[in-house]
Amino acid sequence: MKLKSAERPESEEGLQYHLRVKPGDVSKYVLLPGDPERVKRIASFWDDAWHVSSHREFTTYTGKYRGVLISSTSTGIGAPSTAIAIEELLRVGADTFIRVGTTGSLHKWIEVGDIIISTGAVRLEGTSKLYVMLEYPALASYEVVLALIEAAESIGVKYHVGLSASSDSFYVGQERPGFGGYIPPASRGLIEHLKRVNVLNFEMEASLIFTLSNLYGFRSGMVCATIANRDTGEIIPDAGVDEAIRVANEAVKIISEWDLVKERKNRKHVYPSLLKEWLVGGGK
Ligand code: URA
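Residues numbered from 1 in each chain as written. Predicted model: local features only at pLDDT ≥ 70, side-chain atom pairs only at ≥ 80, totals over all residues. Heavy atoms only, no water.

**Some remarks on the side chain of Ser 164**
Quick note on the threshold: Strands are runs of DSSP state E lasting at least two residues, helices are runs of H or I lasting at least four, and both sets are numbered from the N terminus onward. Under the scheme applied here, a residue whose accessible area is under 20% of the maximum for its type counts as buried, over 50% as exposed, and between as partly exposed, the area being computed with a 1.4 Å probe on protein chains only. Polar contacts here mean pairs of N or O atoms no more than 3.5 Å apart (in protein, one a potential hydrogen donor and the other a potential acceptor; neighbouring residues in sequence count only if both atoms are side-chain atoms).
Following the sequence through the fold, Ser 164 ends up in strand S7 (residues 159-167). Ser 164 sits in the buried class, given a relative accessible area of 0%. Among the polar contacts made by the side chain of Ser 164, one reaches the side chain of Ser 118 at a distance of 3.0 Å.

**Remarks on the site of the ligand**
Formally: Any residue with a heavy atom positioned within 4 Å of a molecule or strand is treated as near that molecule or strand. Per-residue accessibility takes into account occlusion by the displayed protein chains alone, with areas from the Shrake-Rupley method and a 1.4 Å probe.
Lining the immediate surroundings of the ligand are Thr 102, Thr 103, Gly 104, Phe 170, Gln 174, Arg 176, Phe 202, Glu 203, Met 204, Ile 227 and Ala 228. Here Gln 174 contributes a side-chain N or O atom positioned 2.8 Å from a nitrogen atom of the ligand. Note that an oxygen atom of the ligand is positioned 2.6 Å from one of the side-chain N or O atoms of Arg 176. Across the complex, the protein chains shield 95% of the 230 Å² of accessible surface that the ligand would expose by itself. Among the secondary structure elements, those contributing two or more residues to the shell around the ligand are strand S5 (96-105), strand S8 (199-203) and strand S9 (219-229).

**Digging into the packing of aromatic side chains**
Both the distance between ring centres and the angle between the ring planes are used here to describe each pair of aromatic rings. The test is simple: A pair of Phe, Tyr and Trp rings is counted when the ring centres sit within 6.5 Å of each other, with Trp represented by its six-membered ring. The angle between the planes then sorts it: under 30 degrees is stacked, over 60 is edge-to-face, the rest tilted.
This structure, assessed with the given rule, holds four aromatic pairs. Seen in terms of ring centroids, Tyr 131 and Tyr 216 are 6.2 Å apart; in terms of plane orientation they differ by 85 degrees. Their pairing is edge-to-face. Of this pair, Tyr 131 sits in the loop between strand S6 (115-124) and helix H3 (142-155) while Tyr 216 sits in helix H5 (residues 206-216), placing them 85 residues apart in sequence. Here Tyr 216 falls in the partly exposed class, since its relative accessible area comes to 40%. Ring centres of Phe 170 and Tyr 171 lie 5.1 Å apart, and the angle between their planes is 80 degrees; this geometry places the pair in the edge-to-face category.

**Remarks on H3**
For clarity, the cut-off: Each residue after the first adds 1.5 Å to the expected span of a helix. Any two residues whose heavy atoms approach within 4.5 Å at even a single point are treated as in contact.
Helix length check: H3 (14 residues) gives 20 Å between terminal C-alpha atoms against 20 Å at 1.5 Å per residue, within 8%. Those residues of H3 that fall on the buried side of the exposure criterion are Glu 143, Val 144, Val 145, Ala 147, Leu 148, Ala 151 and Ala 152. Summarising the contacts, the buried residues of H3 are in contact with S5, S6, S7, S9 and helix H6 (241-265). The first or second residue beyond H3 is Gly 156, which carries a positive phi of 85 degrees.

**Here we look at the packing of H3 against H6**
To keep it simple, the criterion reads: Comment: axis = line fitted to C-alpha atoms, over the contacting stretch for helices; angle = value between 0 and 180 degrees taken between N-to-C directions. Should an angle lie under 35 degrees it is considered roughly parallel, over 145 roughly antiparallel, and from 65 to 115 roughly perpendicular; all remaining angles are considered oblique. Here a crossing is called left-handed whenever its near helix is offset anticlockwise from the far helix by less than a right angle, and right-handed whenever the offset is clockwise. In the scheme used here, Gly and all other residues not listed as nonpolar or charged are polar, with Ala, Val, Leu, Ile, Met, Phe, Trp, Tyr, Cys and Pro taken as nonpolar and Asp, Glu, Lys and Arg as charged.
Relative orientation of the contacting elements H3 and H6 amounts to 125 degrees, with a least axis distance of 8 Å. Our classification of the angle between H3 and H6 gives oblique. H3 and H6 meet at a crossing whose hand is right-handed. Contact residues: Glu 143, Val 144, Leu 146, Ala 147, Leu 148, Glu 150, Ala 151, Ala 152, Ser 154 and Ile 155 in H3; Arg 246, Val 247, Ala 248, Glu 250, Ala 251, Ile 254, Ile 255, Trp 258, Asp 259 and Lys 262 in H6. In the contact of H3 with H6, the residues fall into 13 nonpolar, one polar and six charged.

**Overview of H5**
Counting buried positions over the eleven residues of H5 gives eight, a clear majority of the element. Following H5 by one or two positions, Gly 217 adopts a phi angle in the positive range, close to 85 degrees.

In structure tokens, the structure reads:
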């Protein structure tokens, strides 16, 4: 692979250094799981799907879901590799991202298997700090949040909506004992504090995605399967994953329809009365 320069590590055709995708390879709507295997699982729900590339932790599929061109790219675990995925996907034409993750709930009432739709995230990771000061908010896009809620309602899954916390660390940064029981002072009492300030769950990528989303002007959201409950101690690695995938796929279909409505009506934003006809038409 011949690259343009150290500053612009892409080929003449726009093939990206890490993801090995080029313009035309991906949809504007991209689902972002962490796990490369989950990309295939997401694509198994589509009507048509083809493998685009696999390189390191980044696997990309593109396909059709209910008539909509859709892609999915794995980000790997954590904010640094997720930033690489976003940077390169933006360069090849993506503009709407939905993370499809797994998560640990902080509250007893958010049970293993439940779905969490995030409205924003506490920035407990380091990558977004390299882009912009910590006071900058990590907010999901309201259109994506709304579409995820619409999708969850139409599918009939049990879901919760609220704030997440994104940590660079699965173990000590989420107040799980490290090797030999080590917990750093900064993490002691973190779960109790986050519960107190109404944070729903721990995961590892959302705040980076949401920060870049506002900074660069693309849309983003997140739907997670609750596989662990930090209050009860329960953990089931696959709980709710298919439901989160179904909600994310359906949200893309909904957003694509809303995009058409906006285009037709020459509007920049979605608002309830704009969607009157869409609702009467049963989502058309
Ligand atoms: N992912 C996380 O980051 N934490 C959990 O507890 C479960 C999934």
